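Report on the structure
The lines below spell out each chain.
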Amino acid sequence: MQKTRAAITGIHGYVPEYVLTNAELEKMVDTTDEWITSRTGVKERRILKGIGLGTSDMGKEAVLGLLKKTNTNPLEIDLIICATTTPDMQFPATANIIADKCGLKNSFGFDINAACSGFIYALRTASQFIEAGSAKKVIVVGGDKMSSIIDYSDRQTCVIFGDGAGAVLLEKNNDGLGIIDAVLGSDGAGRVHLHQKAGGSAMPASAETVEKKLHYVYQEGQAVFKFAVTKMADAAEEIMKRNNLHSDDVAWLIPHQANKRIIDATAKRMGLDDAKVMINIDRYGNTTNGTIPLCMWEWEKKMHKGDNIVLAAFGGGFTWGAVYMKWAYDSKQ
Ligand code: UT7
């Protein structure tokens, strides 16, 4: 029997119905489909409409689908972790709200806030609980309602982001499959380039913060791009080196979907053909914590037991990371 590892044993995703196209954005801000497509790779994104709906409502759909698909009783889940930057509320944690909505009555839950790297951070955290033997079945949700913090008069940010969520089930594996290694990094000095100014304890919400539009994403695109393109590729390269992986050994790269140019640079550094890279930024944009699980969900049938898979992300904080896993199952549905 090999070392106990945490393996993904099921995946499900959810994207809202409303499709916000580049053509519609052309009517809202001074932009063009050509600019958005060539600079970012995004053609359309999904937006969660409906009063009172938040990230937990998308997470709920992903988790209920996951439980059904994997034939898992909600009472068997020991732990739920939600990676999100747009929690339903400042507190309680969105993980707890999803647990309540899905009947996970025996689980404890908490959120992880690592911006676009959150899903990778959460996967690593979940895997430690399983490896230590303190949890048997763990759900990790990654999702964001980015439309709740985007200024739709700011052409720099509104063209990039979208809404969506995915969820994975993790269980122990003693056959050498599952999460094998992770490289995680952060640098708080990067916060000046990407943040939300108001709504936290340093600048609570007030009429003035609303009037000055301080509750929206503030991003210095070029500065973030420079770090992202380097750090995401560095993390992916490091995890390959550490695990003695060559480009031929890697079946799939699942990158965070922030910008097609950042994805291409990471794939190039890893020596991978486009055919091995999961890309859905054209249809969903940057769903922050949702990007990686949504890719896994869409590509589930194409991943096979034993495949070497590398996940890579970069986000606000700054945060970055890469995960190396051996895929644990062949999907039947
Ligand atoms: O999710 C993780 C964290 N986020 C990221 O990784 C995002 C990283 N950054 C980026 O993806 C890119 O920097 C952006 C997509 C945000 C911007 O692309 P860019 O190629 O860096 O454009 P830029 O900011 O250098 O702007 C170039 C020009 C400017 O005009 P001038 O000054 O050259 O006349 C902008 O005003 O493009 C203009 N511009 C636009 N034009 C049409 C900026 N946004 C738009 C737009 N449509 N939507």
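Residues numbered from 1 in each chain as written. Predicted model: local features only at pLDDT ≥ 70, side-chain atom pairs only at ≥ 80, totals over all residues. Heavy atoms only, no water.

Quick notes on the domain arrangement of the protein
Per the domain assignment, the segments of the protein are domain 1 (5-176) and domain 2 (180-326). Distance from the C-alpha centre of domain 1 to the C-alpha centre of domain 2: 14 Å. Together domain 1 and domain 2 conceal approximately 3,800 Å² of surface at their shared face, both sides included; 60% is due to carbon and sulfur atoms. Between Asp151 and Lys213 there is a salt bridge, and its shortest N-O distance comes to 3.5 Å. A class-by-class count of the residues in the side of domain 1 that touches domain 2 yields 21 nonpolar, 19 polar and 11 charged. (Domains from an automatic or database assignment. Buried area = accessible area lost by both parts, 1.4 Å probe. Salt bridge = Lys/Arg side-chain N within 4 Å of Asp/Glu carboxyl O. Nonpolar A, V, L, I, M, F, W, Y, C, P; charged D, E, K, R; others polar.)

So, a negative patch on the surface
A surface patch of like charges, here negative, comprises Asp248, Asp249, Asp273 and Asp274. Summarising the element assignment, Asp249 is placed in the loop between helix H8 (221-242) and strand E11 (252-255). (Patch = residues over 30% accessible without salt bridge, like charges linked within 9 Å, V, L, I, M, F, W, Y side chains within 5 Å. Areas by Shrake-Rupley, 256 points an atom, 1.4 Å probe, with all protein chains shown as cover. Lys, Arg positive; Asp, Glu negative; His and termini not counted. Charge placed at Lys NZ, Arg CZ, Asp CG, Glu CD. Helix = DSSP H or I, 4+ residues; strand = E, 2+ residues; numbered from the N terminus.)

Some words on the sheet that holds strand E6 (residues 138-145)
Reading across from one edge, E1-E7-E6-E4-E5 is the order of the 5 strands in this open sheet, with mixed pairing throughout. The strands lining the two open edges of the sheet, one partner per strand, are strand E1 (5-14) and strand E5 (108-112). Each strand axis lies, on average, 20° off the axis of its neighbour in the sheet, ignoring direction. Examined bridge by bridge, strand E4 (residues 79-83) and E5 share 5 bridges and lie parallel to one another. Looking at the pairing, Ala83 lines up with Ile112 of E5. Those strands touched by helix H4 (residues 94-102) are E4, E5 and E6, and its axis lies near 125° from that of E4. Strands in contact with helix H5 (residues 118-131) are E1, E4, E5, E6 and strand E7 (163-173); relative to E6, the strand with the most contacts, it is inclined by about 165°. (Pairing = 2+ DSSP bridges. Axes fitted to C-alpha atoms, helices over the stretch in contact; angles between N-to-C directions. Contact = heavy atoms within 4.5 Å.)

Quick notes on the nonpolar core
Counting 40 residues, the largest nonpolar core has Leu253, Met270, Val310 and Phe314 as the members making the most contacts within it. Those elements that provide at least two residues to this core are H8, helix H9 (260-270), strand E12 (308-315) and strand E13 (319-326). Looking at this core element by element, the count peaks at 7 residues for H8. A domain-level breakdown of this core finds at least three residues from each of domain 1 (5-176) and domain 2 (180-326). Those residues within four positions of Met270 in sequence are excluded, and the remaining contacts are Ala236, Met240, Ser247, Leu253 and Val310. Membership of the second largest hydrophobic core comes to 37 residues, among which are Ile11, Leu79, Ile120 and Met303. (Core = buried A, V, L, I, M, F, W, Y, C linked by side-chain atoms within 4.5 Å. Buried < 20%, exposed > 50% of the residue type's maximum accessible area, 1.4 Å probe, protein only.)

Points about the packing of H8 against H9
H9 packs onto H8 with a crossing angle of 30° between their chain directions and a minimal axis gap of 9 Å. Considering their axes alone, H8 and H9 lie roughly parallel with respect to each other. Crossing angle aside, the handedness with which H8 passes H9 is right-handed. Two secondary-structure elements touch here, H8 through Phe225, Ala228, Val229, Thr230, Met232, Ala233, Asp234, Ala236, Glu237 and Met240 and H9 through Arg261, Ile262, Ala265, Thr266, Arg269 and Met270. Along the lines of polarity and charge, the residues of the contact of H8 with H9 split into 10 nonpolar, 2 polar and 4 charged. (Parallel < 35°, antiparallel > 145°, perpendicular 65-115°, else oblique. Left-handed = near helix turned anticlockwise from the far one by under 90°.)

Section: the sheet that holds E13
Taken in spatial order, the 4 strands of this open sheet run E8-E13-E12-E11, and their pairing is mixed. Whereas interior strands pair on both sides, the edge strands pair on one side only; in this sheet they are strand E8 (178-186) and E11. On average, adjacent strands in this sheet sit at an angle of 15° to one another, irrespective of strand direction. Taken together, the 8 bridges between E8 and E13 define a ladder with antiparallel strand orientation.

Here we look at the site of the ligand
Around the ligand, the structure places 24 residues, and the nearest of them are Thr31, Arg39, Gln222, Asn259 and Asn286. In this structure, an oxygen atom belonging to the ligand sits 3.1 Å away from a side-chain N or O atom of His256. Relative to its unbound accessible surface of 950 Å², the ligand loses 77% to contact with the protein. Looking at the shell around the ligand, the elements that each hand over two or more residues are helix H2 (33-40), helix H6 (155-158), H8 and H9. (Near = heavy atom within 4 Å. Polar contact = N/O pair within 3.5 Å; in protein donor to acceptor, adjacent residues only side chain to side chain.)

Some words on H9
Those residues of H9 that fall on the buried side of the exposure criterion are Ile262, Ile263, Thr266, Ala267 and Met270. An end-on view of H9 places all buried positions within 135° of arc, on one side of the element. Summarising the contacts, the buried residues of H9 are in contact with H8, E11 and E12. Taking the backbone nitrogen of Arg261 as reference, a side-chain oxygen 2.9 Å away marks Asn259 as the first, capping residue of H9. Just downstream of H9, Gly271 is the residue with a positive phi angle, here 75°. (Arc of directions from axis to C-beta.)

Details of the packing of aromatic side chains
Tallied over the full model, the rule gives 7 aromatic pairs. The interplanar angle of 50° and the centroid separation of 5.0 Å between the aromatic rings of Phe314 and Phe318 together place this pair among those described as tilted. A relative accessible area of 4% places Phe314 in the buried class. Using a relative accessible area of 1% as the deciding quantity, one classes Phe318 as buried. For the ring pair Phe314 and Trp320, a centre distance of 6.4 Å and an interplane angle of 10° mean the geometry is stacked. When sorted by exposure, Phe314 lands in the same class as Trp320, which is buried. Three or more aromatic residues joined by ring pairs form one cluster here, namely Phe227, Phe314, Phe318 and Trp320. The positively charged end of Lys197 is found above the aromatic ring belonging to Tyr218, 4.0 Å away from the centroid. The residue whose ring lies beneath Arg283 is Tyr284, and the NZ or CZ to ring-centre distance is 5.3 Å. (Phe/Tyr/Trp six-rings, centres within 6.5 Å; stacked < 30°, edge-to-face > 60°. Lys NZ or Arg CZ within 6 Å of the ring centre and 35° of its normal.)

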